[in-house]
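# Descriptive analysis of the structure
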Amino acid sequence: AQSVTQLGSHVSVSEGALVLLRCNYSSSVPPYLFWYVQYPNQGLQLLLKYTSAATLVKGINGFEAEFKKSETSFHLTKPSAHMSDAAEYFCAVSGTGNQFYFGTGTSLTVIP
Amino acid sequence: EADIYQTPRYLVIGTGKKITLECSQTMGHDKMYWYQQDPGMELHLIHYSYGVNSTEKGDLSSESTVSRIRTEHFPLTLESARPSHTSQYLCASSERTRVDGYTFGSGTRLTVV
């Protein structure tokens, strides 16, 4: 079975500080992992994805994530937070079929 | 530009009314999905389709129904809306799901009063 756990439903960082959003997964098959971002009153937009190639994945808007199989983690980072990064972030793992399993989301607040 | 469209964006409707949430995509994707999203909760899959005339219920029990008569169109219908149906509904589509992930629409925020 597949599942995703996002630690911390709310994260606050100062503008210019490091952003770290945590995601741990459980999967009975080699996982494909994704991070999505959702701005207020919008749908979800793909940030980046891991599909068994390089373990360090770079995405849009300066975000990156590292796949660590030994820790079953896929944490999302950004070196320097910007006000425009304030949004809801969802980690997702693909299942054995054509579906995804999403975490409960982490709301990122950026303090000026 | 290839995209996925949901209408309406916002809907406030009275109890007992019949409603249809529209979802259309221009990418030719075979696979389409409806998710329900409530604050602080994970996205719950309520319906999916892998092609024309193919529809299945998802993990979350829902009183809604869907149809897939054309590849590009995947509407969701509630025959009799109730306050418990108040939620955000997200439509998504994909081609190579495991590799490419989903493309999401902007969502419909439904409020039943």
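Here goes a summary of the coordinates provided. Just so it is clear, the structure is predicted and the values come from calculations on it, not from any experiment. (Residues numbered from 1 in each chain as written. Chains lettered and ligands numbered in written order. Predicted model: local features only at pLDDT ≥ 70, side-chain atom pairs only at ≥ 80, totals over all residues. Heavy atoms only, no water.)

What follows concerns the nonpolar core. Counting 26 residues, the largest nonpolar core has Trp35(A), Leu48(A), Leu76(A) and Tyr89(A) as the members making the most contacts within it. Those elements giving two or more residues to this core turn out to be strand E2 (10-14), strand E3 (19-21), strand E5 (33-38), strand E6 (44-50), strand E8 (64-68), strand E9 (73-78), strand E10 (87-94) and strand E12 (106-111) of chain A. Looking at which element gives the most residues to this core, the answer is E10(A), with 4 residues. In terms of nonpolar packing, the next biggest core, distinct from the first, is built from 18 residues, Ile4(B), Leu11(B), Val66(B) and Val112(B) among them. (Core = buried A, V, L, I, M, F, W, Y, C linked by side-chain atoms within 4.5 Å. Buried < 20%, exposed > 50% of the residue type's maximum accessible area, 1.4 Å probe, protein only. Helix = DSSP H or I, 4+ residues; strand = E, 2+ residues; numbered from the N terminus.)

Between chain A and chain B, the contact holds 24 residues from the first and 26 residues from the second. In this structure, the connection of chain A to chain B is made through 1 salt bridge. Summed over the shared surface of chain A and chain B, the result is 6 residue pairs in polar contact (both at pLDDT 80 or more). Elements represented by at least two residues in the side of chain A that touches chain B include exactly E5, E6, E10 and strand E11 (100-102) of chain A. Partitioning the side of chain A that touches chain B into residue classes produces 11 nonpolar, 12 polar and 1 charged. (Contact = heavy atoms within 4.5 Å. Salt bridge = Lys/Arg side-chain N within 4 Å of Asp/Glu carboxyl O. Polar contact = N/O pair within 3.5 Å; in protein donor to acceptor, adjacent residues only side chain to side chain. Nonpolar A, V, L, I, M, F, W, Y, C, P; charged D, E, K, R; others polar.)

Keep in mind these values describe shape, not function.
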